[in-house]
Amino acid sequence: MERRHFLKTSGTIALSSFLAPQLFNKSPFFNSTDWPAFGIQLYTLSDLMTKDPKDTLQKVAAIGYKELEGAASEKGYYYGFKPKELAAMVKDMDMHWRSQHVLGAPFDIAQIQKMAKPKTAEDSARLQRIMDRMKNMAPMPTLKNDSERLANEAAEGGLSYLVCASIPVGTFDEIKTAVDVFSKAGEACKNVGVQFAYHNHTTEFDEVEGHRPFDYILSNTDKGLVKMELDLAWATKANQDPVGLFKLHPGRFPLWHVKDLDKNTKNPAEVGSGIIDFKRIFDNASESGMKYFFVEQDQAPQPLENVTHSYNNLKKILA
């Protein structure tokens, strides 16, 4: 080999070896201490948040959670507070309220039942608990009718994200309506410095009149205006590989719901106790564009105990 070529090649190999861990690590974070602070979706604690939000948040802070995502409750979206009041209370506890779930369309029990498609007695019982809880909720603004109001409230609370918790996608007309709602919500959020996103369940991966809602929504909305909050458990239950979705739509998933599935029932379980390989998913965080993740366990039987176990288990997984 010519001496000049040899020196050039050797130098390139040496430089590549030195930079390899930084250049080719799939994660955007170089060690476990650099992961975003652990977040929690407060829907997991919804009854406790309705009864005594301040005490519940203090207990959440004591566990170690730092990032919060709110959800609808019997007292409305903000647990009986105004957005500024809730944000101030959270800040005083050394936490951050980053995101808020809101409804995409006015609540309709029949549509929720149609979307849920329970397959087992346990699924049906779980759906009934959800229905009972939602029946007690006061009417709330929705993105379909009040996107500007909800965007302004998100800005008032200092939120980074406003997320559509769910919207009917059982017919092709409903899917097209969802695209229109999300596009308008995305613009309304952009105008006030907030990012809009959509949270999936399993139904988005069921084919409807020749279209899969998940694909149609992502293909027919502006990727800058409409991001996704990927629920890792619901995607997995729908036989989807989260990492595969990251590769299909890189950078489209700034938010995750970190939720596990029981190996027998395939219903929500404590993180680290079920079937999901979180290590592999987190190793591909950079491809997804993840900024925050929120631990969640729907209808958790012992909410504070369950989210404590999830926190400790996930901490070990990411160490």
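Figured I'd write up the structure that's included with this text. Numbering of residues starts from 1 in each chain and follows the order in which that chain's sequence is written. Side-chain atom pairs in this predicted model are given and counted only at pLDDT of 80 or more, local residue features only at pLDDT of at least 70, and totals for whole chains, interfaces and linings cover all residues. Here the side-chain values reflect all heavy atoms present in the structure, with hydrogen atoms and water set aside.

Examining unusual backbone geometry
Just so we agree on the cut-off: The classification of residues rests on relative accessible area computed with a 1.4 Å probe and restricted to protein chains. Under 20% of the type maximum is buried, over 50% is exposed, and intermediate values are partly exposed.
The phi dihedral of Asp94 is positive, around 65°, even though this residue is not glycine. One non-glycine residue, Glu209, lies in positive phi territory at about 50°. Here Glu209 falls in the exposed class, since its relative accessible area comes to 59%.

Focus: the sheet that holds strand β10 (residues 292-295)
We apply this condition: Pairs of strands are assigned from DSSP output, requiring at least two bridges between the strands. A run of H or I in DSSP becomes a helix once it reaches four residues, and a run of E becomes a strand once it reaches two; helices and strands are each numbered from the N terminus. In this analysis an axis means a line fitted to C-alpha atoms, helices contributing only their contacting stretch, and an angle means the value between N-to-C directions, from 0 to 180 degrees. By definition in these notes, contact holds between two residues if any of their heavy atoms fall within 4.5 Å.
Strand order in this closed barrel of eight strands is β1-β2-β3-β4-β5-β6-β7-β10, and the pairing throughout is parallel. Averaged over all adjacent pairs, the angle separating strand axes in this sheet is 30°, with direction ignored. Pairing of strand β6 (residues 226-231) with strand β7 (residues 255-258) involves three bridges; the strand directions are parallel. Bridge pairing in β7 links Leu230 to Trp256. Strands in contact with helix α7 (residues 143-156) are β3 (96-103), β4 (161-166) and β5 (195-199); relative to β4, the strand with the most contacts, it is inclined by about 145°. Sitting on the sheet, helix α8 (residues 172-191) touches β4, β5 and β6, and the angle it makes with β5 is about 145°.

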